[in-house]
Protein chains: 2
Amino acid sequence: MEVYKGEKKRSFLENHSIAHLFSFPIEAFMEVHEYQRDEWIINEGMRPDFLFYVMEGKAKIYVTHQNGKVSLINFINANDYIGEMELLNDVYYTKGIQASTKTICFAIPFHRYRPQLLDDAKFLRELTKFLSVKATLMAAKYSQSLAFPLENRLADFILQTADEGIYKEKHVTVCDYLGVSYRHLLHVLTQFCDKNYLQKDGRNYQIKQYHSLCELAGVLKNK
Amino acid sequence: MEVYKGEKKRSFLENHSIAHLFSFPIEAFMEVHEYQRDEWIINEGMRPDFLFYVMEGKAKIYVTHQNGKVSLINFINANDYIGEMELLNDVYYTKGIQASTKTICFAIPFHRYRPQLLDDAKFLRELTKFLSVKATLMAAKYSQSLAFPLENRLADFILQTADEGIYKEKHVTVCDYLGVSYRHLLHVLTQFCDKNYLQKDGRNYQIKQYHSLCELAGVLKNK
DNA sequence: AGAATAATATGAGATATCTCATGTTTTGAG
DNA sequence: CTCAAAACATGAGATATCTCATATTATTCT
């Protein structure tokens, strides 16, 4: 992890302002942090000291269960907050956050700004929207995971993540995200190939029948 | 559904103020609604016109999937908001909300108060906390549902809902909530009885071995 | 380059959970 | 009180998903 200093910090701030998110000046004690791929932005179980706002990059939220299973709860992208749960709640089990690409965030120290943040309608309004989307998404994932087999959820995931007709997510990551065993994921993927929805090409899968996948994914959506 | 009027409304407002939740006067256009058990406070798919604040009673959030399965996403209790998603998001699939006991809510009309609500730090701060808890809870339920079999989740649910050592939830409701089939729920319940964790007594189940259930439920929790 | 580690693959048997079928009991509306 | 609907109950067979064991590549580190 690198904390931007001096000129590097100054120029970054100049080119990437988040002043519009607050109704008070926040730059004085704000830091800029850069994380490398696979680096942990927050360690599971350890309360962070900052509210982060992701400027650039991608990350993943993980939680480890007592039985050793790991859940990839969600992905984090640019313009998302990290650490907002700890800002708001004194008691909270902190999830682990791992960068999946180089990630640059603004880091706003709690001890300097908490009171002002919690009193700033502009900031709170955006955070509220962010949380409402997060809650909705979680509720959707939750109910879908119980109501539909992997076949449907995987089809949806493939369509969401495929780039130019090519699906190439790491199986291990997908298992944690969709909450199924590696074995079963491969099994369903093989079925998709057998049915010619996908065609395996080395480590990638090429989408051959969009409409079939859409059909499978479609039943997840209400309306 | 009954909308309190005149003296009934006045006296209710007098005894149950929520003025402390806002930094501006809200009573002018606020209504008081009373719903009977099983009545729908919000119909699935239909945007409500009010932000509700539950004063008294209990309700359930439901969503119906295309395959006909119904998920009971969560329970709502006193001091919870309803309709906050619609207040914040212009596009949102509205879930159904059904009263499970007589429920009295304050109903704040969007068209009168939306701008002021979205600009009120006091209100937003509380709503933000409410949503953060909701999102956290959903994330927990989601990851648990994928990481643990019914046995563990049911043990947790029994401990949470049992009253004086007696568990007496309706099976049908529990199936929707835990996302399993009726058949399977009964099967695991029977196992619990076979192992003498529970003892069936008519339609109720008496907890016989707290520690065994605690142990099963315990593995859900991190730390 | 070589060794260690992570990711991919596949088989086979176990189990958690579902579907369907059917019957009984309870509850609520008229 | 009566009837229909809802909830409870149970059996049996299907299937979605898991665990474990074992190989085979890729990647990363030194």
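About the thresholds
Residues numbered from 1 in each chain as written. Chains lettered and ligands numbered in written order. Predicted model: local features only at pLDDT ≥ 70, side-chain atom pairs only at ≥ 80, totals over all residues. Heavy atoms only, no water. Helix = DSSP H or I, 4+ residues; strand = E, 2+ residues; numbered from the N terminus. Buried < 20%, exposed > 50% of the residue type's maximum accessible area, 1.4 Å probe, protein only. Areas by Shrake-Rupley, 256 points an atom, 1.4 Å probe, with all protein chains shown as cover. Pairing = 2+ DSSP bridges. Core = buried A, V, L, I, M, F, W, Y, C linked by side-chain atoms within 4.5 Å. Salt bridge = Lys/Arg side-chain N within 4 Å of Asp/Glu carboxyl O. Least-squares fit on C-alpha atoms with pLDDT ≥ 70 in both. Contact = heavy atoms within 4.5 Å. Near = heavy atom within 4 Å. Polar contact = N/O pair within 3.5 Å; in protein donor to acceptor, adjacent residues only side chain to side chain. Nonpolar A, V, L, I, M, F, W, Y, C, P; charged D, E, K, R; others polar. Axes fitted to C-alpha atoms, helices over the stretch in contact; angles between N-to-C directions. Domains from an automatic or database assignment. Buried area = accessible area lost by both parts, 1.4 Å probe. Expected span 1.5 Å × (residues − 1).

Under the annotation held in an unreviewed UniProt entry, chain A carries the name Transcriptional regulator YeiL and is attributed to Cytobacillus praedii.

**Student:** Would you take a moment to explain the overall build of chain A for this structure?
**Tutor:** Broken down by element type, chain A carries eight helices and twelve strands. Taken over the C-alpha atoms alone, chain A extends approximately 60 × 35 × 35 Å along its principal axes. Counting every position in chain A, which comprises 223 residues, the buried fraction comes to 52%. On chain A, roughly 10,600 Å² of surface is accessible, and the fraction owed to carbon and sulfur atoms is 50%.

**Student:** Could you clarify how one ought to interpret the pairing of strand 11 (residues 198-201) of chain B in this entry?
**Tutor:** For a regular strand, the rule is simple: side chains alternate between the two faces of the sheet. Examined bridge by bridge, strand 11 of chain B and strand 12 (residues 204-207) of chain B share four bridges and lie antiparallel to one another. Counterpart to B:K200 in the pairing with strand 12 of chain B is B:Y205.

**Student:** Got a minute to help me understand the nonpolar core in this structure?
**Tutor:** For soluble globular proteins, the rule of thumb is that nonpolar side chains tend to be buried together. If you look at the biggest cluster of nonpolar residues, it comprises 63 residues, and the most contacted ones within it are A:F22, A:L117, A:F123, B:F22, B:F106, B:L117 and B:F123. The next biggest cluster of nonpolar side chains, apart from the first, holds 38 residues, and it includes A:Y93, A:A107, B:I61 and B:I97.

**Student:** Teacher, can you tell me more about the pattern of salt bridges here?
**Tutor:** Two side chains that carry opposite charge are able to pair once their charged atoms sit near each other. All names here are of chain A. Taken as a whole, this structure holds 14 salt bridges over all chains when the rule is applied. Note that K8 and E2 form a salt bridge whose closest N and O atoms lie 2.9 Å from each other. By relative accessible area, K8 is classed as partly exposed at 40%. Connected via shared salt-bridge partners are E7, R10 and E14.

**Student:** Just to check I follow, could you spell out the relation of the copies chain B and chain A for this structure?
**Tutor:** Mapping between the two copies of the chain is achieved by a rotation about an axis and a shift along the axis. Between chain B and chain A, the superposition needs a rotation of 180 degrees and an axial shift of 0.0 Å, giving an RMSD of 0.1 Å. Taken together, the turn and the small shift mark the pair as related by a two-fold rotation axis. The residues that chain B uses at the interface reappear at the interface of chain A in 98% of cases, marking a shared surface.

**Student:** Explanation requested: the protein's contact with DNA strand C in the structure shown.
**Tutor:** Every one of the 20 residues lining DNA strand C counts as a neighbour, but A:Y182, A:R183, A:K200, B:S181 and B:H184 are closest to it. Looking at DNA strand C alone, sugar and phosphate atoms form 61% of those within 4 Å of the protein. Backbone polar atom of A:V172 to a phosphate oxygen of DNA strand C: 3.3 Å apart, as the coordinates give it. By residue class, the composition of the surface near DNA strand C is six nonpolar, six polar and eight charged.

**Student:** For this particular structure, what's the right way to read the sheet that holds strand 4 (residues 50-56) of chain A?
**Tutor:** Backbone-to-backbone hydrogen bonds pair the strands of a sheet. The strands run either parallel or antiparallel. All names here are of chain A. Reading across from one edge, 1-2-9-4-7 is the order of the five strands in this open sheet, with antiparallel pairing throughout. Bordering the open sheet on either side are strand 1 (2-3) and strand 7 (81-82), each of which pairs with just one other strand. With five bridges joining them, strand 2 (residues 31-35) and strand 9 (residues 103-109) adopt antiparallel strand pairing. Directly across from Y35, in strand 9, lies its bridge partner T103. Docked against the sheet, helix 1 (residues 6-15) engages strand 1, strand 2, strand 4 and strand 9, running at close to 100 degrees with respect to strand 2.

**Student:** How should the domain arrangement of chain A be read in this particular structure?
**Tutor:** Accessible area lost upon the coming together of the parts serves often as the stated size of an interface. All names here are of chain A. Segmenting chain A into domains produces domain 1 (2-123) and domain 2 (147-218). Taken over C-alpha atoms, the centre of domain 1 sits 31 Å from the centre of domain 2. In this complex, domain 1 contributes eight residues to the contact, which on the side of domain 2 involves four residues. Taking both sides of the interface into account, the surface hidden between domain 1 and domain 2 amounts to around 480 Å²; carbon and sulfur atoms contribute 57%. Applying the counting rule to domain 1 against domain 2 returns zero salt bridges. Between the two partners, domain 1 and domain 2, sit one residue pair in polar contact (both at pLDDT 80 or more).

**Student:** Honestly, helix 4 (residues 121-147) of chain A in this entry has me stumped. Any pointers?
**Tutor:** Think of an α-helix as turning once every 3.6 residues; residues three or four places apart then point the same way. Residues and elements named next belong to chain A. In this model, helix 4 (27 residues) spans 38 Å end to end at C-alpha, consistent with the 39 Å of a helix rising 1.5 Å per residue. Within helix 4, 21 of the 27 residues are buried, which leaves it mostly tucked inside the rest of the structure. The opening residue of helix 4, the one whose side-chain oxygen lies 3.0 Å from the backbone nitrogen of K122, is D120.

**Student:** Can you walk me through the side chain of A:K95 in this structure?
**Tutor:** Tracing the chain through its elements places A:K95 in the loop between helix 2 (84-88) and strand 8 (96-99). A polar atom in the side chain of A:K95 sits 3.3 Å from the backbone oxygen of A:Y93. Apart from residues lying up to four places away in sequence, A:K95 is in contact with A:I42, A:N43, A:E44, A:I61, A:Y62, A:V63, A:I73 and B:T136.

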